[in-house]
Amino acid sequence: MKRYLGQRLLLTAPILIGVSIIVFFTVQLVPGDPISTLVGAHATPETRTLMTKQYGLDKPLPVQYVVWLGHALQGNLGASISQQRDVTGIVTTAFSNTLTLTAFAALIAVVLGAVLAMTITFGRRRLSRMLSSVVSLASVSMPQYSLGVIFIVVFAADLAWFPAGGMRDVLEPGSTTSLLHHLVLPGLTAAAIPTGIIARMFSATLAEESQEPYVENLRARGLSEWTVRRHIVHGSLASLLTISGLQIGYLLGGVVFVEVVFAWPGIGQLVYQSISKRDYPVIQAGVLVSALAFVVINLVVDVARAVLDPRVRASGVTA
Amino acid sequence: MTSAAVLTTRFRARRRPTWALSTQVLLALVVLLLGTVFLGSVIAPYGATDGDPANRLLGFGSAGHLLGTDGQGRDILSRLILGTRLSLLTGIIPVLIAGTVGSAVGLCAGLASRLVNTLIMRTLDVFYSFPSILLAIGVAAALGPSIKNAIIALSIVLIPPVARIVEAEVVALRSAAFMKVAECSGASRFLIAVRHVVPNIRAPLVVYCTTLIGLSIVDAAGLSFLGLGASPPTAEWGLMLNDARNYFFRAPAVALAPALAILLVALLFNALGDRLRVELDVRQRGATP
């Protein structure tokens, strides 16, 4: 187990470095010179040189990258241009809200996806065929923003069952019921695609596991169908974890649109607002934090899978 | 039996098996969409920016405006038809670019030495280590909001998955007997790639790219929705959707039209990809959903 953990961590390091390089150089694509923006058009050449030196922009790009990375590792992601606050504070608040939404959506996706998969594999033929076509329809690259808008039009504007946006009521800011009430529509929207994919992939795993020799053995020993199914599900749990883990990671990406549609104050909404204000440090930090979360979730899932499934531990890390 | 009948049977036998009806219907729908791209300005009853302030936010089925009007009194049906061009092109162009570049990268990686292969594939893994739409947002935001930049951003984002698919196909082909024969008879790597590898990976590539078009349309409209693509008053579905958010409660129909358009077109390309997979008998290697 220790060896596996070590290998897996070693594999994460280059990926993290790669992600940080991509994020850093993406911002270098920004046209125009940041110093001109800072000092204005009428600055003297002396001021320009001074400012360039002060911000470290006279150094070569690789050096700038190392400096930026050093600061980022210490939790310093620079200052927001539009909000005169440090980016770390802004991003931390937004990220915790994103995590709330993602966790809720992930819960829906995993539970609903697993239940759907079991119904498809073990259910009556007609029901399972109908469900599997619905699921394969939902698991495609559906536009979350379209789905969100349809949900708002139907359940918020027309039926008025749920609020159309926001995270909390102004009147009762600390209330959990109000938070849950606000979570339903964005949660379902974000969960739609992952639910479909989890259901599709997990039902394939269940079907495969049902073909294993031990299942035949269990049946031959006269165990009830329910007990046999329990064994099949138990044997497939590790792959449910892998499938779900990957989808939870993708949730972090797709949630950007959900947050914008439902005005959820998370990373996506923050990035969206920063785009129109050209607040590049915030955009950079938002993308970096989401990407890091994705890498960390993948790491956690792989380790959890190794804990659950001795076969994974034995075969070692496969890149 | 007349000789003509014999001729037709022989002709039939030589022809490729015809595609299933559902595939043909889907293909016809795509052709129809492409027709809208070229003939949009002829079909559309109004111009994209012809506003009529007296008739704002009309509902579905109003006289003269089948799908109603938006917040500035512009005809939604016309804007939807005229918007097809941008929405479809921003979906297809990135896939064409990424398909070409990604295939080249995948071919190189698949046919190169182990070291080069590892270098290329591990670099691609980094792109895989976070959600592609985040990278697209980052790149598009950095380049500045415009349709051209949204296309560039999406092209960059779609290269790694294409390269990965092609590499997996090429690696699987490497052990085939005809590849060994070609190698032994002294064919150059380039010749092997062009004459033996490319024809064999064409089918999976076409299938995968068709599904990618759906994704690309969704992401492109998404970028416009976020303000990173087309800018007002252009008729573009993502932009129309964002604009409609102001009228959720007064005129929900305004939002439904573009939302459904994007949804249905994405479904269309995904369904077509699925059908082509069946028709061309492709098993996907190394693909992630």
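Residues numbered from 1 in each chain as written. Chains lettered and ligands numbered in written order. Predicted model: local features only at pLDDT ≥ 70, side-chain atom pairs only at ≥ 80, totals over all residues. Heavy atoms only, no water.

Caption draft 1: Structural context of the overall build of chain A. Of the regular secondary structure elements, chain A holds 13 helices and zero strands. Going residue by residue from the N terminus, the α and β elements of chain A occur as α-α-α-α-α-α-α-α-α-α-α-α-α. When each of the 319 residues of chain A is scored for burial, the buried share is 45%. Here the analysis covers contacts within chain A between residues at least 6 apart in sequence; of these, 72% occur between residues at least 24 apart. (Helix = DSSP H or I, 4+ residues; strand = E, 2+ residues; numbered from the N terminus. Buried < 20%, exposed > 50% of the residue type's maximum accessible area, 1.4 Å probe, protein only. Contact = heavy atoms within 4.5 Å.)

Caption draft 2: A look at helix H10 (residues 252-279) of chain B. In this model H10 of chain B runs 40 Å from its N-terminal to its C-terminal C-alpha over 28 residues, within 8% of the 40 Å that 1.5 Å per residue would give. Of the residues flanking the end of H10 of chain B, it is Asp-281 of chain B, one or two places downstream, whose phi is positive at about 55°. (Expected span 1.5 Å × (residues − 1).)

Caption draft 3: Quick look at the interface of chain A and chain B. Taken together, the contact between chain A and chain B spans 46 residues of the former and 43 residues of the latter. Taken together, the connections running from chain A to chain B amount to zero salt bridges. Our count for the contact surface shared by chain A and chain B stands at three residue pairs in polar contact (both at pLDDT 80 or more). Listing elements by their share of the side of chain A that touches chain B, those giving two or more residues are helix H1 (2-28), helix H7 (144-158), helix H8 (176-210), helix H10 (225-261), helix H11 (267-276) and helix H12 (280-308) of chain A. Residue composition of the side of chain A that touches chain B, by class: 37 nonpolar, eight polar and one charged. (Salt bridge = Lys/Arg side-chain N within 4 Å of Asp/Glu carboxyl O. Polar contact = N/O pair within 3.5 Å; in protein donor to acceptor, adjacent residues only side chain to side chain. Nonpolar A, V, L, I, M, F, W, Y, C, P; charged D, E, K, R; others polar.)

Caption draft 4: Summary view of the side chain of Ser-210 of chain A. Residues and elements named next belong to chain A. With respect to the helices, strands and loops of the structure, Ser-210 is situated in helix H8. A distance of 2.6 Å separates a polar side-chain atom of Ser-210 from the backbone oxygen of Leu-206. If we ignore the near neighbours within four places in the chain, the residues touching Ser-210 are Val-215 and Ile-232.

Caption draft 5: Quick peek at the side chain of Ser-146 of chain A. You can see Ser-146 of chain A is positioned in helix H7. A relative accessible area of 0% means that Ser-146 of chain A is categorised as buried. Within the structure, Ser-146 of chain A has its side chain in polar contact with the backbone oxygen of Ala-259 of chain B (distance 2.8 Å). Ser-146 of chain A has contacts with Leu-241, Ala-259, Ile-262 and Leu-263 of chain B, leaving out every residue within four places of it along the chain.

Caption draft 6: A look at the packing of aromatic side chains. All names here are of chain A. Applying the stated rule across the entire model yields six aromatic pairs over all chains. Between Phe-24 and Tyr-65 the ring centres are 5.4 Å apart and the planes differ by 65°, which places this aromatic pair in the edge-to-face class. Of the two residues, Phe-24 sits in helix H1 while Tyr-65 sits in helix H4 (residues 61-73), which places them 41 residues apart along the sequence. Three or more aromatic residues link up through ring pairs in this structure, and these residues are Phe-24, Tyr-65 and Trp-68. For Arg-229, the ring lying beneath its charged end belongs to Trp-226, and the centroid distance is 5.3 Å. (Phe/Tyr/Trp six-rings, centres within 6.5 Å; stacked < 30°, edge-to-face > 60°. Lys NZ or Arg CZ within 6 Å of the ring centre and 35° of its normal.)

Caption draft 7: The arrangement of empty space enclosed by the protein in detail. Tallied over the full model, the rule gives three cavities of 30 Å³ or more. Size it by volume and the largest cavity reaches roughly 100 Å³. Lining of the largest cavity is provided by 13 residues; of these, Val-23, Thr-26, Val-27 and Gln-284 of chain A together with Gly-138 of chain B occupy positions nearest its centre. When contributions to the lining of the largest cavity are tallied by element, the ones reaching two or more residues are H1 and H12 of chain A together with helix H5 (132-143) of chain B. Per-class residue counts for the lining of the largest cavity are ten nonpolar, three polar and no charged. Forming the boundary of the second largest cavity are Asp-70, Ile-76, Arg-79, Met-240, Asp-243 and Val-254 of chain B. Looking at the lining of the second largest cavity, the elements that each hand over two or more residues are helix H3 (76-111) and helix H9 (237-244) of chain B. (1 Å grid on protein atoms, 1.4 Å probe; cavity = no way out; pocket = protein on both sides within 12 Å on 5 of 7 lines; lining within 4 Å. Points joined across faces, edges and corners; volume = space filled by probe spheres on them.)

Caption draft 8: Layout of the packing of H11 of chain A against H12 of chain A. All names here are of chain A. The contact between H11 and H12 brings their axes to 9 Å, and the two run at 155°. Classified by the angle between their axes, H11 and H12 sit roughly antiparallel to one another. The crossing of H11 and H12 is left-handed. Here Ile-267, Leu-270, Val-271, Ser-274 and Ile-275 of H11 come into contact with H12, specifically with Val-282, Ile-283, Gly-286 and Ser-290. Residues that form the contact of H11 with H12 fall into these classes: six nonpolar, three polar and no charged. (Axes fitted to C-alpha atoms, helices over the stretch in contact; angles between N-to-C directions. Parallel < 35°, antiparallel > 145°, perpendicular 65-115°, else oblique. Left-handed = near helix turned anticlockwise from the far one by under 90°.)

Caption draft 9: Fine view of the environment of Gly-144 of chain B. Residues and elements named next belong to chain B. By secondary structure assignment, the location of Gly-144 is in the loop between H5 and helix H6 (147-174). Residue classification places Gly-144 among the buried residues on the basis of a relative accessible area of 8%. Along the sequence, Gly-144 and Ala-244 sit 100 residues apart, while their C-alpha atoms lie 23 Å from each other.

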